[in-house]
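Read off the chains here:
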Amino acid sequence: MKTLSGTFAFKLALLTAIAIVAAYAVRAFATATPTPAPATQTFSLEFGTKGANPLYVDLASQTQAAKDAFDKALCTLKANGGQYEVGFLANPTAQPTPIGQYDPTCPPTASINTDKITTSELAKNAPAEESSAYDPNAVYRVRSNSAADIKAVLDTFK
């Protein structure tokens, strides 16, 4: 087996040292992308509480239409330059969406015609104003320069 020449061994050691120093330098100077500060908004609405056991605010009703109205209000608020930090709990047994990670389902722009809707007898006879343990709930904050956008979100709550 041949031994490496002194010049080649020195160059190999030098390249290895440079690679190690470069790896540490890149790691040392790497920083996380800072989160931009929210823009100043004229109106702010805080609802519920933020913390380990947040207090959620009930939506107007336990129907999918109520959740859709809440999502639509958030979509309108965002489209008009508003901001929201919202957590959502679909029902007590569901996993809550943490504050700041809730992404509302914006209504589609196309329309669909429905020929027939079938409703069960149980659904027809259920009392509409009675609250359920499965009510959808939301918590925390929305901000906007438009009072109408804030009121639209507020109108989706009980």
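Scroll up a little and you will see the structure.
Parameters and conventions
Residues numbered from 1 in each chain as written. Predicted model: local features only at pLDDT ≥ 70, side-chain atom pairs only at ≥ 80, totals over all residues. Heavy atoms only, no water. Helix = DSSP H or I, 4+ residues; strand = E, 2+ residues; numbered from the N terminus. Buried < 20%, exposed > 50% of the residue type's maximum accessible area, 1.4 Å probe, protein only. Areas by Shrake-Rupley, 256 points an atom, 1.4 Å probe, with all protein chains shown as cover. Expected span 1.5 Å × (residues − 1). Patch = residues over 30% accessible without salt bridge, like charges linked within 9 Å, V, L, I, M, F, W, Y side chains within 5 Å. Salt bridge = Lys/Arg side-chain N within 4 Å of Asp/Glu carboxyl O.

Quick word on the overall build of the chain
- Counting its secondary structure elements, the chain contains four helices and four strands.
- Secondary structure elements in the chain, listed N-terminal to C-terminal, are α-β-β-α-β-α-β-α.
- Residues classed as buried in the chain amount to 23% of the 158 residues present.
- In the structure as shown, the chain presents an accessible area of about 11,700 Å², 60% of it carried by carbon and sulfur atoms.

Brief notes about helix α2 (residues 64-79)
- If you check α2, its first and last C-alpha atoms are 22 Å apart, about what 16 residues at 1.5 Å a residue would give, namely 22 Å.
- Here α2 has its buried residues at A66, K67, F70, D71, A73, L74, C75 and L77.
- A positive phi of about 95 degrees marks G81, the residue just after α2.

Things to note about a nonpolar patch on the surface
- On the surface, F10, L14, L15 and I18 cluster together into a nonpolar patch covering about 430 Å² of accessible area.
- Mapped onto the fold, I18 is located in helix α1 (residues 6-29).

Thoughts on the pattern of salt bridges
- Applying the stated criterion to the full structure yields three salt bridges.
- The salt bridge partner of K67 is D71, with a shortest N-O separation of 3.0 Å. Within this pair, K67 and its partner D71 are both found in helix α2, separated by four residues, close to a single helical turn. Taken individually, K67 and D71 each receive the classification buried, so the pair is uniform in this respect.

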